[in-house]
Amino acid sequence: MNGTPRLRSAYPSTPQTGSSGGHGPVSPLRSVPTASGDQLTPGGPLIPFHLVDAPSQRFYALAVYVGLFGWRLYDWYRLVEEDGDSIAEFWNFLKWGAIDGVFLYGLPGLRIPWLEWSWTTTTTIFLVHAIMDGFLMFRFSLPLLSWLLAIVRIFYDREIAISEHRVDPNTVINNSSLILGKQTVHILPEGSAMLNPEGGCFCLDGSKKSINLPIRINQTEPILIELLRIDLDTNQNETIVIPAKQVKELKRKADKGLPKNDISSPRFLNFETKRTGIYRLQKVVDKSKLEVQRRLSDTLIVTCPKASITRSQVDKCKGELSDLSLLVEGTPPLKIKYSRIVNQKDKGFSLFQSIQPENFLSPFTGGQRASGVLASQVDTDASWARAQSINVPLNESLSTSGTWLYSLDEVHDACGNIANYTLQNDDGEKVKPKGANVEQAFVVHERPRASMSSCDPQHPLKIAKGRTALLPILLTSTGRGAADIAHTLTYMFTPQEKLQANGEHAMDAKIEEISLKSPVQGSLVKEQGLYTLKTISNQFCTGEVMEPASCQVLNPPEPDMKMEAEKIHDKCAGKPIGLTIDLDLVGTPPFDIRYEVTRSGDKHVQHKSVHITRLRHQLRFTPQEAGYYTYRFKTIDDSVYKGVPLPKDFVLESEVKPPASARLVMQSLRKKYCIEEPVSFDVRLQGEAPWTLEYELVYGGKRTKRKIKDIETELHTITTNNLVNGGEYALALASVQDKTGCKIFLEEEVKIDVRRQRPKASFGQLEGRLDTLTLEDSTVQLPLRLTGEAPWKVKYRNLNTSQPLVYEKRFSFSNDFLEVHDQGSYEIIDVQDQICPGTVDLATSTFKVLWIPRPEVKVSESVVVELAGDKYVKKQVCEGDEDTLEISLSGMPPYNLKYEQRLTPERGAVSLTNKQLTLGLGVASIRMETSQAGQYEYKFSELGDYLYDHNPKKHSPLVVQQLVNPRPSARFRDLGRTYNYCKEVESGDEVIPIMLEGVPPFYLEISIKPHTHGKPEVVSVPNINTKAYDFRIPPHILTLGHHTLSVRKVRDARGCQRKTEFDAPHVPVHVSDIPVISPFNSKTDYCVGDRIAYTLSGTPPFNVFYSFEGIESKATSTTTTFRRMAQRPGNFTITALTDNAAYCKARTQITKIIHQMPSVKVGKGKETVVDIHEGGEAELIFEFEGTPPFEFTYTRSTTPRKGQKPQILETKHDTSDEYVKVVKASDEGTYEVTAIKDRYCAFSKTLRADGGMQKQKKIKYQ
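The name given to the protein chain in an unreviewed UniProt entry is Nucleoporin Pom152, and the organism recorded there is Glutinoglossum americanum.

This is the structure we're talking about:
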């Protein structure tokens, strides 16, 4: 390649040489083209480089520019000297604008390297020159001097001191000798030790023989540990020494669970102990032979609590007491939890708390867990921690029979140790530990009762002679029935012949005892007399004898009879139709006589019996069929004797030819029928057809006769007309006549019970109403009123359903209940009893079932609360204002209300708070949170009352929102600026810009407080419609001197206001007169390095006359500020002041005292290092110079490693009334004073961001 490619504006490429073998001739440069126009290289310089090279061309261009600039300055000088008019100024401006345009726009056309500017660059340079031409030709003044001074001050800064000489402020202010020395405290590796850092109690018992006491060590390697043990029984102190070898082994075990390179994590040394007592870490020595810092706290090891149930009888009787005793052992006060299971039903648990002896005092008394020191070195009484045995009686009434099981669940001692006797197996079933007397089971039996059944002296028990019978003893119990176990009874017996005249027992009545193996087993008795029960008992309980308790036993005579027979003849036909037998009976009614009936030619023997309830009776045998009959009487029974045979001669014979007859074929002679319906009966006829039958229908004393002729069949049906009246009818067969023509009188009749009305159904009332309120989803028993005969079939429906279904139920009682589960209006639509369909009472056919409303929380709509969609929106309030939400609750108090309070602030994260209330009234006030601005949402999520628990499916959360507006604020835009005013000027004063935050319009109260007196003037500014307001101070308020202007109150359009009476934003305002000199600061005392500044009122320049240390001086100030640096201590007094306008000298006497700066030395002013152990202390010695009292600030920073910067750990402030201050330091770090202040002056070092120190500076204290 010939060379590196170059830009057009670059220097020409360097010629390159070529060689062959390194020694060939140098090839000449390529010839330069001729200067003819057609041979110029396109894009090259206008003046070829062979004529004028590029650097020379740039030099010539610069020389032309400098010449033009000099010419320009010459024209400007002529305008200034000759005071040219505006035409000359304008002409020169146009001339130089044209010259600059030709030169600047023509220069790129020469294509000189580095001067080939773009069009934009050329235009920018031209505009800059045009502006410069304007300033020069129109003779505008430029602050060139100020700019130059500012630049010079960077490199050369001097101020005028009191001596009227210029001094370097840094040499006065930054005096490094005022704060000298630093002290580094290095803490040798030493940590801390603490016994049982968790603070829990321990216990020992038979299953837990030893306890590992945790000793936490941190940043230390102990070689000796001493524990102080206070014996609980003897109150004697014992020191337990853990030697170095054992400590080393404990630490080795503690290190196993941590990484090898982890040396900073705490270790837990588990010291095993097997004795109870109060343990205290008394001493820990590390490998440096120094004691390790330890926290004084006691650890209590007691005997583990336990309890047992003393054994008692396993069988008890109902109504007795449980009579149990719980033996509790442990450190009081104790708490025991036990449970009861009755008949496999858990009855819950009960607690015995505060179990302790009388007059017992303990650190644990009152329910608070003791911690820290449990025993002092003076008073080592630890008797309160001893295990004590306390017997707790447990007497509960056994009101339920069955199996009872008392179980001990848990025992708690005073310091929280728990003995849990309830364990669970793999199936989740609770089991008790074996061998522990923690359960007591027993059976509660019902008490037996005894009485006589169906027997008393008025109703004796009759027994056949020579036979025995069971004494009718009825055994029951206080429960449902008698237990199937043996019972023992005693009774008193007096024979019949020895009874007293009044029926009572004789004096020598016998007392007998019987044992019944089961309730159904009775006692056999044979002898007649009076038996009276005295006592009843079983193997578990004694019982009670109930009435009737006596039974009379009698032996009546055997039954017998006599009879007389007579034939019965038909009066019409004269034929025999049967027999009549008159019986005379002896015995105890009722009687049962058994006999046999045979008819000639019939092999079948009819066995019949007759029941007779009286001592005389007549039998009438009238067979319906003709034949020869034989009647044999076999046996007779009465109520006492059974199967007594009769003599063989008790036989009767009779020939029978029966007449015509008719009888009703029916199962019952009385039957019920419905009103307005006919009745039918079947009649069976006997004799020779055809028959004529007459019958009567009797009702209300009237008889209606009917006659039916030519009946050909033996079975005929009689049907009545509709029975339109209710009551009792009688249908009687009057007579029958067959073919023989004999009319036979009939006596058979049937009672027809016609219902007077149809059955009726209606609802009964509950508490006088046909409606009821009940809990939601509960079962309601609606009372029914049914007339008629059971059972009834009732049809009903619920009218409140969308498609009412008809239900049918069967009822057995006239005052039965209809069970429903839903709310609504239930209507009875039909009823039918056992016989007839019925009617429904329309007035009471409907019953309303209403559910008691579930509790509900509501917010009443008002001017402050309105409903927006599904949420309530409460009126906006201001931050910090008190506000409440009135809610109303419906239901049954008390109410349990839970709600969520969600805050969405304008800035920051959303916060959520859950709250719960228990309310006794239906109205409550909820305090609204307004401490922080933002959007609050109150969600009432859960509600329950006395009747209903919270049901999330039935409760719709109530949401209330409220916007808490922030308070408005006001601040001064130029907070550090001082505003100056003149007393004589009524208008045109400076405005004070105030920035407002909030919603306009604003209302402001501004306080203007003069420094000369404490009463401020308050200016009210209403209706500020912008957030930037320019405040003008009313002239009549200002007085001469300094004022403080602050915002006292601000209120915005939302009604929110902020009062800033204290720490309000403020700006200083200065009011001056002519000529007046006023100090910037009213203080008299100043320090070396301070600027003593004054405000000059009048027309500058000012002449200030002052004296310093007796030397009078005069200074001139061209501004309204006169300031001098206090170079050295002394008295500085302003004596007079003149200005340019007044030409008068204002005599004054303003004296300022300049004090020497205080100084401090740490460690004699040197850098020292002190090594201590952790827990030890080092002395920091501060030596002061100045005027007491001294205030100083010092820091503790890290001791940096090589290549690192120190970091400040803490900063402390302290005071001293002496010239030497000693401070104890126990924390590691480098201690260095950063600020010193005496009575008058203060000085500090500037802190760097990395914690290091920059150069020192003086601090001003007002």
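### Observations concerning the overall build of the protein chain
Across its full length, the protein chain holds six helices and 95 strands. Looking at the 1262 residues of the protein chain, the share that counts as buried comes to 40%. Pairs at least 24 residues apart make up 68% of the contacts formed inside the protein chain by residues separated by at least 6 positions. Approximately 72200 Å² of the protein chain is accessible, and the part contributed by carbon and sulfur atoms is 51%.

### Some words on the pattern of salt bridges
The final tally for this structure, using the stated rule, is 43 salt bridges. Of the charged contacts in the structure, one is a salt bridge between glutamate 929 and arginine 927, with a shortest N-O distance of 3.7 Å. Judged by relative accessible area, glutamate 929 falls into the buried class, the value being 17%. Sharing partners across several salt bridges, the network here consists of Arg229, Asp231, Glu238 and Arg275.

### Observations regarding the state of the cysteines
Note on terminology: disulfide describes a covalent bond linking the sulfur atoms of two cysteines. As enumerated under the stated definition, the model contains six disulfides in all. What pairs with cysteine 317 in a disulfide is cysteine 541, and their sulfur atoms sit 1.7 Å apart. Where cysteine 317 bonds to cysteine 541 through sulfur, the torsion about that S-S bond is close to -115°, and the disulfide is left-handed. Of this pair, cysteine 317 sits in strand β15 (residues 315-317) while cysteine 541 is found in the loop between β32 (529-538) and β33 (544-545), placing the two residues 224 residues apart along the sequence. Cysteine 541 shares its class with cysteine 317; the two are buried.

### Topic: the packing of aromatic side chains
By the definition in use, this model includes 33 aromatic pairs. Both rings, one in tyrosine 1106 and one in phenylalanine 1132, keep their centres 4.8 Å apart while their planes meet at 45°; by these two values the pair is tilted. Residue tyrosine 1106 is found in strand β82 (residues 1102-1108), and its partner phenylalanine 1132 is found in strand β85 (residues 1130-1138); the two are separated by 26 residues along the sequence. Under the relative-accessibility criterion, tyrosine 1106 is labelled buried at 0%. According to the relative accessible area criterion, phenylalanine 1132 is buried, its value standing at 1%. Here the aromatic residues Phe1182, Phe1184, Phe1190, Phe1192, Tyr1194, Tyr1219 and Tyr1231 are joined through ring pairs into a cluster of three or more. Directly above the ring of tryptophan 114 sits arginine 58, whose terminal nitrogen or CZ lies 4.3 Å from the centroid. A cation over an aromatic ring shows up here: lysine 1083 above the ring of tyrosine 1086, its NZ or CZ 4.7 Å from the ring centre.

### Describing the environment of phenylalanine 352
Take phenylalanine 352: it is sitting in strand β18 (residues 345-355). Residue class for phenylalanine 352 comes out partly exposed when judged on its relative accessible area of 24%. Taking C-alpha positions, phenylalanine 352 is 5.6 Å from lysine 335, a pair spaced 17 residues apart along the chain. In contact with phenylalanine 352, other than residues within four places in its own chain, are Leu326, Leu334, Lys335, Ile336, Tyr338, Val392 and Leu394.

### Structural notes on the sheet that holds strand β63 (residues 871-878)
Read across the open sheet, the six strands follow the order β62-β63-β69-β68-β65-β66; overall the sheet is mixed. The sheet terminates laterally at β62 (865-868) and β66 (911-919), the two strands that pair on one side only. On average, each strand axis in the sheet is inclined to that of its neighbour by 25°, with strand direction left out of account. Inspection of the sheet shows strand β65 (residues 895-904) paired to β66 by nine bridges, in the antiparallel sense. Of the residues in β66, the one forming a bridge with arginine 902 is leucine 912.

### Observations regarding unusual backbone geometry
The omega torsion across proline 589 and proline 590 is -5°, close enough to zero to call that bond cis. With respect to the helices and strands, the residue proline 590 is situated in the loop between β36 (576-586) and β37 (591-599). A cis geometry characterises the amide bond from proline 893 onward to proline 894, with omega recorded as 0°. Among the secondary structure elements, proline 894 is positioned in the loop between β64 (884-890) and β65. For aspartate 323, which is not glycine, the phi dihedral falls at a positive 55°. In this structure, aspartate 323 sits in the loop between β15 and β16 (324-330). What makes aspartate 323 exposed here is its relative accessible area of 52%. The phi torsion at aspartate 710 lies on the positive side, around 55°, for a residue other than glycine. With respect to the helices and strands, aspartate 710 occurs in strand β47 (residues 702-711).

### So, the sheet that holds strand β59 (residues 839-840)
An order of β57-β54-β52-β59 is seen for the four strands of this open sheet, with the pairing classed as mixed. Across the chains shown, the open sheet's two edge strands, defined by having one partner strand only, are β57 (817-820) and β59. Sheet topology places strand β52 (residues 760-763) next to strand β54 (residues 780-787); four bridges connect them, and they run antiparallel. Each residue of the ladder has a partner; that of phenylalanine 763, found in β54, is leucine 784.

### Observations regarding the environment of glutamate 694
Counting through the fold element by element, glutamate 694 comes out in strand β46 (residues 691-699). Residues glutamate 694 and lysine 709, spaced 15 residues apart in sequence, show a C-alpha to C-alpha distance of 8.5 Å. Among all residues touching glutamate 694, those that are not within four sequence positions of it are Arg706, Lys707, Leu733, Ala734, Ser735 and Lys743.

### Describing a nonpolar patch on the surface
On the surface, a cluster of nonpolar side chains totalling about 360 Å² of accessible area is made up of Leu73, Trp76, Tyr77 and Val80. Counting through the fold element by element, tryptophan 76 comes out in helix α1 (residues 54-82).

### A word on the nonpolar core
Counting residues in each nonpolar core, the largest one holds 47 residues, and the members touching the most others are Phe1122, Phe1132, Ile1134, Ile1154 and Phe1182. Residues contacting phenylalanine 1122, with those up to four places away along its chain left out, are Ile1092, Ala1093, Tyr1094, Leu1096, Val1104, Tyr1106, Ala1115, Ser1117, Phe1132 and Ile1134. Counting residues in hydrophobic clusters, the runner-up holds 27 residues, among them Tyr673, Trp691, Leu693 and Leu731.

### Section: helix α2 (residues 86-106)
Taking 1.5 Å of rise per residue, 21 residues should cover 30 Å, and α2 covers 30 Å from first to last C-alpha, within 8% of that figure. All of the buried residues along α2 are Glu89, Asn92, Trp96, Gly97, Asp100, Gly101, Phe103 and Leu104.

### Remarks on the pairing of strand β67 (residues 923-927)
For a regular strand, side chains alternate in direction, first toward one face of the sheet and then toward the other. Because side chains alternate across β67, one face comprises the buried residues Ala924 and Ile926, and the other comprises Val923, Ser925 and Arg927, none of which is buried. Pairing geometry for β64 and β67, over five bridges, is antiparallel. Bridged to isoleucine 887 within β67 is alanine 924.

### Description of the side chain of glutamine 57
Of note, glutamine 57 is situated in helix α1. The exposure class of glutamine 57 is buried, given its relative accessible area of 5%.

### Comments concerning the packing of α2 against helix α3 (residues 119-137)
Look at α2 against α3: their axes get within 9 Å of each other, and the N-to-C directions meet at 160°. Put simply, α2 runs roughly antiparallel to α3. Considering only the axes of α2 and α3, their crossing is right-handed. The residues of α3 that touch α2, namely those facing Glu89, Asn92, Phe93, Trp96, Gly97, Asp100, Gly101, Leu104 and Tyr105, are Trp119, Thr122, Thr123, Ile125, Phe126, His129, Ala130, Asp133, Gly134 and Met137. Looking at the contact of α2 with α3 residue by residue, the classes come out as nine nonpolar, seven polar and three charged.

### A few points about the confidence of the model for the protein chain
Overall, the predicted model of the protein chain reaches an average pLDDT of 82, with 88% of residues at or above 70. Confidence drops under pLDDT 50 across residues 1-42; counting only partners more than four residues distant or on other chains, this segment forms 24 contacts. Confidence drops under pLDDT 50 across residues 1248-1257; counting only partners more than four residues distant or on other chains, this segment forms 35 contacts.

### Observations regarding the side chain of aspartate 409
With respect to the element layout, aspartate 409 can be found in strand β20 (residues 402-412). A distance of 3.2 Å separates polar atoms of two side chains, one belonging to aspartate 409 and the other to serine 339.

### A look at α3
An α-helix turns once every 3.6 residues. As a result, residues three or four positions apart point the same way. In this model, α3 (19 residues) spans 26 Å end to end at C-alpha, consistent with the 27 Å of a helix rising 1.5 Å per residue. Looking at α3, one finds that the buried residues are Thr122, His129, Asp133, Gly134, Leu136 and Met137. Each buried residue of α3 lies within a common arc of 165° when the element is viewed along its axis, so the set occupies one face. In α3, the exposed positions that point more than 90 degrees away from the buried face belong to Thr120, Val128 and Ile131. A positive phi of about 55° marks arginine 139, the residue just after α3.

Scoring rules and cut-offs
Residues numbered from 1 in each chain as written. Predicted model: local features only at pLDDT ≥ 70, side-chain atom pairs only at ≥ 80, totals over all residues. Heavy atoms only, no water. Helix = DSSP H or I, 4+ residues; strand = E, 2+ residues; numbered from the N terminus. Buried < 20%, exposed > 50% of the residue type's maximum accessible area, 1.4 Å probe, protein only. Contact = heavy atoms within 4.5 Å. Areas by Shrake-Rupley, 256 points an atom, 1.4 Å probe, with all protein chains shown as cover. Salt bridge = Lys/Arg side-chain N within 4 Å of Asp/Glu carboxyl O. Disulfide = S-S within 2.5 Å. Phe/Tyr/Trp six-rings, centres within 6.5 Å; stacked < 30°, edge-to-face > 60°. Lys NZ or Arg CZ within 6 Å of the ring centre and 35° of its normal. Pairing = 2+ DSSP bridges. Axes fitted to C-alpha atoms, helices over the stretch in contact; angles between N-to-C directions. Patch = residues over 30% accessible without salt bridge, like charges linked within 9 Å, V, L, I, M, F, W, Y side chains within 5 Å. Core = buried A, V, L, I, M, F, W, Y, C linked by side-chain atoms within 4.5 Å. Expected span 1.5 Å × (residues − 1). Parallel < 35°, antiparallel > 145°, perpendicular 65-115°, else oblique. Left-handed = near helix turned anticlockwise from the far one by under 90°. Nonpolar A, V, L, I, M, F, W, Y, C, P; charged D, E, K, R; others polar. pLDDT = per-residue confidence, 0-100. Polar contact = N/O pair within 3.5 Å; in protein donor to acceptor, adjacent residues only side chain to side chain. Arc of directions from axis to C-beta.

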